[in-house]
Amino acid sequence: MEIVGNVKCYEWGKLGLDSFVAKLAQANSDGLEVKPDCPYAELWMGDHVSGPATLKTDGKGLDQAIRADPAGMIGSPTGQQLPFLLKVLSIRKALSVQVHPDKTEAEKLHRQFPDIYKDPNHKPELAIALTDFQALCGFRPHEDIARSLQETVELQQLLGAEVLAKLEARDPSAVREGYERLMHSTPEAIERCIAAMASRMQSADSASELRDLFLRLHADFGCDVGVLSIYFLNYLRLQPGQAIYLAANVPHAYLDGDCVECMACSDNVVRAGLTPKFKDVDTLLRLVRYDCLPGASMLFQPRLLQPERQPHTRTFVPPVPDFAVAEIRLPAASAGGLEYSVTNPANGSILLTVGGGGTLVGEDREIRLSMGTIVFLPSSAGKEFLLKVDEAGEPFLAFQAMRNYFE
């Protein structure tokens, strides 16, 4: 059954038709008017209470349809909700520096602060780049952080010489001590530090990735403490098709670009910088992981699960039971067309087409696939579908979100 995604117009989204989310949403819903000055940030495809998709046939919420027939829709006579949420993001301005709590912590935070943490679920998530994509992810190695402090006298003055000395000596406590000192610095001290850095960098002749990023974030967020997190966290530049997996308590911030994102069905975020929203600094510092790994180790690799039957399907299989994502990337078909098998797991899945065209053939109906088509494949629909790719046109690209059956 075809579904219509739920559009989120958060302030950080790309504007108008510069947003891939807007283009997808317009193709997905014929009646959507794209306004040139509106930020189209996210397209949600799932049954989360804050933005359920709707059925294209009658406008009923996907959440209502699943509750009415959980066994037929998601193969579960007792469960009432998809365990995952699929999204597309178009980012013009950085999202907050944040972590996501694990399941136990999420339940506790929801009990204590239900207005801030609105559900009791964890939120591990996977981001697959659709365009060049920038993010902060995980703490950098000790020596990289030490080098940044050596080159930035204002940070040395803010954090103190003893922090730099411990970093250079690879003291295991040094990164925690330095980051906690940064996040607990007074607003006045943070403002002095950032203002002095901005003045020096704006007048400098040399350019670097971190300098350019610092000035961009300073222009967008002023003297927010999150601007200085770039000297502690890995700065990643992903190419289309590359991915990062964000386990519980891994610090991160998306900075720029477009991505497909899948996560456990939750909206729990512990923020501590680059945001006008509530910053729960003490909770973030209590939860955050100080693994201090190279940026390259943050990349999450897909697997070819059935290389003989499905050679064009790469599956991202995170170490959680909530979700996996298959990327189906097919070449433009030559004369005679191309037929390809698509597996639908027993508990159903969601298929999003972002490029190319074709026809999805089921037991009793066919659905035309093109950019923006979103299809919910219920568990009762069967295990296999046939995808017939157009003979002409661009290569076919789709993402299929499902419960994780592969570990």
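Keep in mind the model is a prediction, meaning the values are calculated, not measured.

Criteria and thresholds
- Residue positions are given per chain, counting from 1 as you read along its sequence in written order.
- Selection of residues for local features in this predicted model requires a pLDDT of at least 70, selection of side-chain atom pairs for listing and counting requires 80 or more, and totals for whole chains, interfaces and linings are taken over all residues.
- Hydrogens and water molecules were not included; the side-chain quantities draw on all heavy atoms of the structure.
- Labels follow the DSSP assignment, with helices taken as runs of H or I lasting at least four residues and strands as runs of E lasting at least two, numbered in each case from the N terminus.
- Accessible area is worked out with a 1.4 Å probe on protein chains only. A residue is then buried under 20% of its type maximum, exposed over 50%, and partly exposed in between.
- Whether two residues are in contact is decided by their heavy atoms, any of which lying within 4.5 Å being enough.
- Pairs of strands are assigned from DSSP output, requiring at least two bridges between the strands.
- Angles run from 0 to 180 degrees between N-to-C directions of axes, and those axes are lines fitted to C-alpha atoms, restricted for helices to the stretch in contact.
- Each direction from the helix axis to a C-beta atom contributes to the arc, which is the arc of those directions.
- For this analysis, a polar contact is any N or O atom pair within 3.5 Å, provided that within protein one partner can donate a hydrogen and the other can accept it, and provided that sequence-adjacent residues contribute only side-chain to side-chain pairs.
- Cysteine sulfurs are considered disulfide-paired once they come within 2.5 Å of each other.
- Just so you know, the domain bounds were taken from an automatic or database domain assignment.
- Buried area counts how much accessible surface, traced with a 1.4 Å probe, disappears from two parts once they are put together, with both parts' losses summed.
- Within this document, salt bridges are pairs made up of a side-chain nitrogen of Lys or Arg and a carboxyl oxygen of Asp or Glu, the two lying within 4 Å of each other.
- Only Asp, Glu, Lys and Arg are considered charged, only Ala, Val, Leu, Ile, Met, Phe, Trp, Tyr, Cys and Pro nonpolar, and every remaining residue, Gly among them, polar.

Observations regarding the side chain of Glu125
Tracing the chain through its elements places Glu125 in strand β9 (residues 125-129). A relative accessible area of 2% places Glu125 in the buried class. If near-sequence neighbours (up to four positions away) are discounted, Glu125 is found in contact with His100, Ile244, Tyr245, Leu246, His252, Tyr254, Glu261, Cys262, Met263 and Phe323.

Section: the sheet that holds strand β19 (residues 358-361)
Strand order in the open sheet made by the four strands is β17-β22-β19-β20, with antiparallel pairing throughout. In this open sheet, the two strands that pair with only one neighbour each are β17 (338-343) and β20 (366-369). Going across the sheet, the axis of each strand differs from the next one's by a mean of 25 degrees, ignoring polarity. Summarising the sheet, β19 and strand β22 (residues 384-389) pair through four bridges and their orientation is antiparallel. Bridge pairing in β22 links Leu360 to Leu387.

Observations regarding the pairing of strand β18 (residues 349-355)
The element β18 is extensively covered by neighbouring structure, given that seven of its seven residues are classed as buried. Of the strand pairs in this sheet, β18 and strand β21 (residues 374-377) are connected by four bridges, and their pairing is antiparallel. In the strand pairing of β21, Leu352 is matched with Ile374. In terms of strand pairing, β18 meets strand β23 (residues 396-402) through six bridges, oriented antiparallel.

A closer look at helix α4 (residues 103-112)
Among the residues of α4, those classed as buried are Glu105, Ala106 and Leu109. Considered in projection along α4, the buried side chains sweep an arc of 100 degrees and stay on one side of the axis. Across from the buried face of α4, at angles greater than 90 degrees, the exposed residues are Thr104 and Arg111. Turning to α4, the residues buried within the fold contact β14 (270-273) and α11 (281-287). Its side-chain oxygen at 3.3 Å from the backbone nitrogen of Thr104, Asp102 defines the N-terminal cap of α4.

Concerning the state of the cysteines
Following the criterion strictly, the structure yields zero disulfides and no others. In this structure Cys137 is a free cysteine whose sulfur lies 12 Å from that of Cys259, the closest cysteine sulfur available. A relative accessible area of 0% places Cys137 in the buried class.

Details of the sheet that holds strand β15 (residues 313-316)
Here five strands make up an open sheet; going across it, the order is β15-β16-β23-β18-β21 and the pairing antiparallel. In this open sheet, the two strands that pair with only one neighbour each are β15 and β21. Strand-to-strand, the axes of this sheet are offset by a mean angle of 20 degrees, without reference to chain direction. Pairing of strand β16 (residues 324-330) with β23 involves seven bridges; the strand directions are antiparallel. Its bridge partner being in β23, Ala324 is matched across the sheet by Met402.

Some details on the environment of Pro302
Topologically, Pro302 is positioned in the loop between α11 and β15. Accessibility expressed as a relative area gives 22% for Pro302, which makes it partly exposed. As a C-alpha pair, Pro302 and Ala243 span 59 residues in sequence and 8.5 Å in three-dimensional space. Among all residues touching Pro302, those that are not within four sequence positions of it are Arg314, Thr315 and Phe316.

Some points on helix α1 (residues 20-28)
Taken together, the buried positions of α1 are Phe20, Val21, Ala22, Leu24, Ala25 and Asn28. At the N-terminal end of α1, a side-chain oxygen is found 3.2 Å from the backbone nitrogen of Val21, two or three residues along, and the residue is Ser19.

Things to note about the domain arrangement of the chain
Under the domain assignment used here, the chain contains domain 1 (3-138 + 236-273), domain 2 (141-232) and domain 3 (303-402). Using only C-alpha atoms to locate each centre, domain 1 and domain 2 end up separated by 31 Å. Residue-level contacts link 11 residues of domain 1 with 14 residues of domain 2. Contact between domain 1 and domain 2 buries roughly 830 Å² in total, counting both sides, with carbon and sulfur atoms accounting for 63%. Across the contact surface, domain 1 and domain 2 share one salt bridge. Note that Glu209 and Arg237 form a salt bridge whose closest N and O atoms lie 3.8 Å from each other. Linking domain 1 with domain 2 are one residue pair in polar contact (both at pLDDT 80 or more), by the criterion used here. Residue contributions to the side of domain 1 that touches domain 2 peak at three residues, all from strand β10 (residues 133-139). Partitioned by chemical class, the residues of the side of domain 1 that touches domain 2 number five nonpolar, three polar and three charged.

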